[in-house]
Every structure is written in structure tokens, then in C-alpha cells.
Amino acid sequence: MINSFKDLLTKRITADELKTIEGIYSDSLYEKDNSYIFLANFNNEKSLIVLGQGKVFDKFEGEQFLEGEGKICSLNHYNAKIMRQIFPFTSPKSYNDFPISIGLGDRLGIASPGHLRLTKKYDFFPVIAQQSIRELELTGRTYSDVLDSSTWAVFQEGYENGYGFDGDHLKKDEEIQMALENGATMITLDLSDYIQNEVYNMEENEIDRKYDEIPKDVRESLENKYLNKDHLIDEELSIQFTEEDLKKNVLIYLDGINYGIHVYNRFISESKCNIDYEISIDETLHTTTIQAHYFVASQLISNGAKIRSLAPRFCGEFQKGIDYIGNIEEFKKEFEMHFKISKYYKYKLSIHSGSDKFSIFPTVGEYTKGFYHLKTAGTNWLVAIQLIADKDPELFREIYDFAFKNLDEAKKHYHVNVNKDNNISIEYMDNKDLVNILKDDNMRQVLHITYGLILQAKDKEGKSIFKDKIYESLNKYEEEYYEALYEHIGRHLELLGVKKNN
Ligand code: ZN
């Protein structure tokens, strides 16, 4: 197969001729230093092809053909690094110049071309490299692999406007260091390990006692700063703290704030790169109050930690892969106040678990007037599963059974309301009806949270049960997969009211 492809290439071939060859990604065709460089897919295997001996020819490692005038190179880490040197647009960068940035985590590492195509129509900055440590562990990937996949995706689409790389939900110094060493341009610091949830259940006298353990000078300076004052955010919003409010917020958040300042000083301010620093307090048991948001932001910023975005935990529930659960009117009211605080301090309000939250998108778009960060992750996995249900029903049936058998294990990693008893039996269901399974919220969540177990499932000989088959299927229906992603995330952007390019 690859040989018959090589036969199509000649020494004098022109760019126009190359574009007509099936299997060549025509948007990836670049001419540089007397060589043509492009990506091609033959027999479900993607390669980088360099034609014509020039300066860049020698840099890539690969197998020569066409009497030394062609090189076929694998999409490995070494070649990805060379790629980023030769074509700087394949390296990640900061979102800071872009009012709307959207995280589009790509769990399988093959969805990004579909996401990038949306930038042709809508005006936003895509953060296509976005993974948490949990996701890396569950998919068996590394940050270096996540970045390389993004580099190839960007080159495949010929997308030159920049993309971000978010080390998402990092909690420890070592994790931040690792993400930065691998080229992350954004650090999302998750403070949940430092947030003292037990304070919510404390009696008043216990709160007083705990609070008194804090050094006196620290307490006094906080009291001077927050008590007996109107903290004016704008004409309509001012925030006040009673003594009890302040004590509680100090006890709940002060450790986290101090860690956030430490991370800023140790990693962000020192970095030679332009790093987007996000603080996340969303993965906690309690809704972030307006006072708490203000307190956290104000403390970080007055201590010199420059943050670019902050993710509070909004009221209602943001479960994975399904619409918002909660009172929309209440959400609107609180969202507006959260946004005002972020605007006051000039950082972006960050909305996490944003996949499929269709009912709140109009509010997000309207209230922020197009200034926010939104993270979605994982629905590209559901889109993949949906495509498999359509194209490869037997594989889908196996995955579905496996997901239910392993649901309890998956629930250890994700907090969701899924119920085993709501299992829809598909044994006698027609193949053509299988795609409808993913319209059911319960089923969506089951298939959503079991991704790690599905991808890592091995048989007795240690061979993967599903992973290779899933990749094979998605490679075979590559264009259909991109189209489905385009449509799915496109629905998000439409409801958010993201401005269209010209
Ligand atoms: Zn989050």
C-alpha cells in the first residue's frame, strides 16, 4: 500500500498535483527550503513525507525513497520536536491575547483536527492540548504525547493562529514542573486538596477556636482589609463581610491561597514563557459564594500572584457529558456576580465541565460579552463511541457490556449520578437503533466515565481488548469523526454566541 503510494510521487511533482492524491492532507502541504512537507494517511497509517532535498530534509528522521529525494517519517516525538522548530505555529502559546478561549481536551489524541476546523468559522482560541493528571493516568498517556498529538493535528489542518497547552487540574509542585518541562503554556492549579471543607460543619465556637490559632498579625491584617467595609465591584455590586463570614472564608481558603501564591512565585513569575495561570476551586463539595470568590481573588492578587483565569464552583451541577442540572434563574444571578468580580480584577471567569451545558451557554455568552475561558473535555470520546455505534455495532456492543460490568470501578474516579438499574438492554436491539443509546443521559455518563477502563482493558495475554479496535475504527472513519466533532462542538459555539469570522 505504502509502496504504491510512493510510486505516485515523482521528483518533479508539483504542489497542485500532490493535492489531488488521495491520502494526502492537502491543508498540511507546505513548501520550505526546497522541500515539500506534508502529512499523508495510507492504509490507516499517518506519516510525514518530505520531498526534495533541502535544508529541512536532513533534519527529520525517516526512511528514504525516490533515490534519496523523498523521506517517509513516522509521527514520533523526535520528528514532532523538529516540526515545532521549523514551523513555530505548531508550538503552543498563551491565550492571553484572545478574549474567548476554549479548552478542548482530546483524550484519544485524534480529535483535534475536527476541533480545529471550527476556528475557520468561529473566532476563538483553542486549547487543544488539555489533560489532567487523572486523564493521563486513565488513558495511559504522557504530556509529551499530548503535545505531539497537538503538533501533528495543527500541521495536518494547516492551522496557524495558535493553540494552548493546559496542564489541567494540577495539585502538586512536581506535576506543575512536569507540565512546564513538557511545554505547557497554561497551568490550572487545583486547590481542592487545600480547601478545608470540614469548616462548613463546624459550630461557631469551634470556628472561633480554629481562627484564633492563626497568628495574630495575619488575623489583624485580614480584619483590617475586609471588615467594616463596602468592597465596591461596580455600581450595583458591593461585597461585605461579617466577622463570621471572614473567619469562615479564612479557614476554608487561606491554605489554598498561600499555595497559589507559592506556585506563582516558584513557577509562573520565574518562567521565561508567557504562562496563563488559572486557579481552580471548582472541584469541591460546596458552591463558591460571591464572598469566597472575591476573598480568594483579592488575596491572591494583592499578594502579587497574577492570575489570568479563575474557576469557581457555580451553583447547580456540572456533571460530565450532560446538560446543566439546577435552577437556571439562580445560575444567571450568581454567574453575573462572579463575572463582575473577574472583570473587576481583569481575569477570565473559567467554566469547567462545560461539555454539553447547552442550557447555560446563552447566559455565559451574553453576560461576559465574549470574555471567558470554557473547558470541555471528554465529549469527543462520546462522539467517538457514537460513531462506533453507527459504524461498528459489534464493537459497540462489546464496549457497552464492558462499561456496565465495570461501572463501580469507574465511579471511584468520577462523581456522577449514574444508576446501574437504568441499564437499557441492547441484546435484542437492532443495530440501527444503537446510536440512540447516547441520547440517554444515564447511558452517556456510563460510557463517559468508563473510558479509562475501556482503553486499558487487556486480555489474558496482555493485549488490549478495545483500544486498538477503537483507534482502527476511528481512523477508518476519520472524516466522519471530524464532521461529528465539528457539529457537536459547533452546537456549543452557536449557543455561546461566539462571533463568526467575517
Ligand atoms: Zn474543574
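Residues numbered from 1 in each chain as written. Predicted model: local features only at pLDDT ≥ 70, side-chain atom pairs only at ≥ 80, totals over all residues. Heavy atoms only, no water.

Draft legend 1. Just the nonpolar core, in detail. Within the largest apolar cluster, 81 residues are counted, with the highest numbers of intra-cluster contacts made by Leu48, Phe155, Ile187, Tyr253, Tyr277, Ile279 and Phe295. Tallying contributions element by element places helix 10 (residues 243–268) first for this core, with 13 residues. Split by domain, the residues of this core number at least three in each of domain 1 (2–86) and domain 2 (111–131 + 150–379 + 491–496). Contacts of Tyr277, omitting those with residues within four sequence positions, involve Ile187, Leu189, Gly260, Val263, Tyr264, Ile268, Lys306, Ile307, Arg308 and Ser309. In terms of nonpolar packing, the next biggest core, distinct from the first, is built from 43 residues, Ile385, Ala410, Ile454 and Ala457 among them. (Core = buried A, V, L, I, M, F, W, Y, C linked by side-chain atoms within 4.5 Å. Buried < 20%, exposed > 50% of the residue type's maximum accessible area, 1.4 Å probe, protein only. Helix = DSSP H or I, 4+ residues; strand = E, 2+ residues; numbered from the N terminus. Domains from an automatic or database assignment. Contact = heavy atoms within 4.5 Å.)

Draft legend 2. Up close: the layout of surface pockets. Taken as a whole, the largest pocket encloses approximately 720 Å³ of empty space. Residue lining of the largest pocket: 30 residues in total, with Lys46, Leu75, Gly109, Ile110 and Trp152 positioned closest to the centre. Broken down by secondary-structure element, the contributors of at least two residues to the lining of the largest pocket are strand 3 (45–51), strand 5 (70–74), helix 4 (112–116), helix 6 (143–157) and helix 19 (467–476). Per-element tally for the lining of the largest pocket: the top contributor is helix 6, with six residues. (1 Å grid on protein atoms, 1.4 Å probe; cavity = no way out; pocket = protein on both sides within 12 Å on 5 of 7 lines; lining within 4 Å. Points joined across faces, edges and corners; volume = space filled by probe spheres on them.)

Draft legend 3. Structural detail: the domain arrangement of the protein chain. Each assigned domain of the protein chain is listed here: domain 1 (2–86), domain 2 (111–131 + 150–379 + 491–496) and domain 3 (389–486). A straight line from the C-alpha centre of domain 2 to that of domain 3 covers 31 Å. Taken together, the 17 residues of domain 2 in the interface contact 14 residues of domain 3. Taken over both partners, the interface formed by domain 2 and domain 3 buries close to 1,400 Å², and the fraction arising from carbon and sulfur atoms is 54%. Area buried by domain 2 at its contact with domain 3 is led by Arg117, Gln319 and Lys320, which between them contribute 36% of it. Seen at the junction of domain 2 and domain 3, the total is two salt bridges. With its nearest N and O atoms 3.0 Å apart, the salt bridge here joins Arg117 to Glu479. Counting across the domain 2 and domain 3 interface gives six residue pairs in polar contact (both at pLDDT 80 or more). Take the side of domain 2 that touches domain 3: its biggest share by element is three residues, from helix 4. (Buried area = accessible area lost by both parts, 1.4 Å probe. Salt bridge = Lys/Arg side-chain N within 4 Å of Asp/Glu carboxyl O. Polar contact = N/O pair within 3.5 Å; in protein donor to acceptor, adjacent residues only side chain to side chain.)

Draft legend 4. Spatial organisation of the pairing of strand 10 (residues 186–190). Most of strand 10 is tucked away, with five of its five residues classed as buried. Burial of the side chains of strand 10 extends over both faces: Met186, Thr188 and Asp190 are buried on one face and Ile187 and Leu189 on the other. As judged from the three bridges shared by strand 9 (residues 165–170) and strand 10, these two strands associate in the parallel manner. Within the sheet, the bridge partner assigned to Gly167 lies in strand 10 and is Ile187. Each parallel crossover has a hand, and the one from strand 9 via helix 7 (residues 173–181) to strand 10 is right-handed. In terms of strand pairing, strand 10 meets strand 13 (residues 276–280) through five bridges, oriented parallel. Bridge pairing links Met186 to Asp276 in strand 13. (Pairing = 2+ DSSP bridges. Right-handed = clockwise from strand over helix to strand, strands pointing away.)

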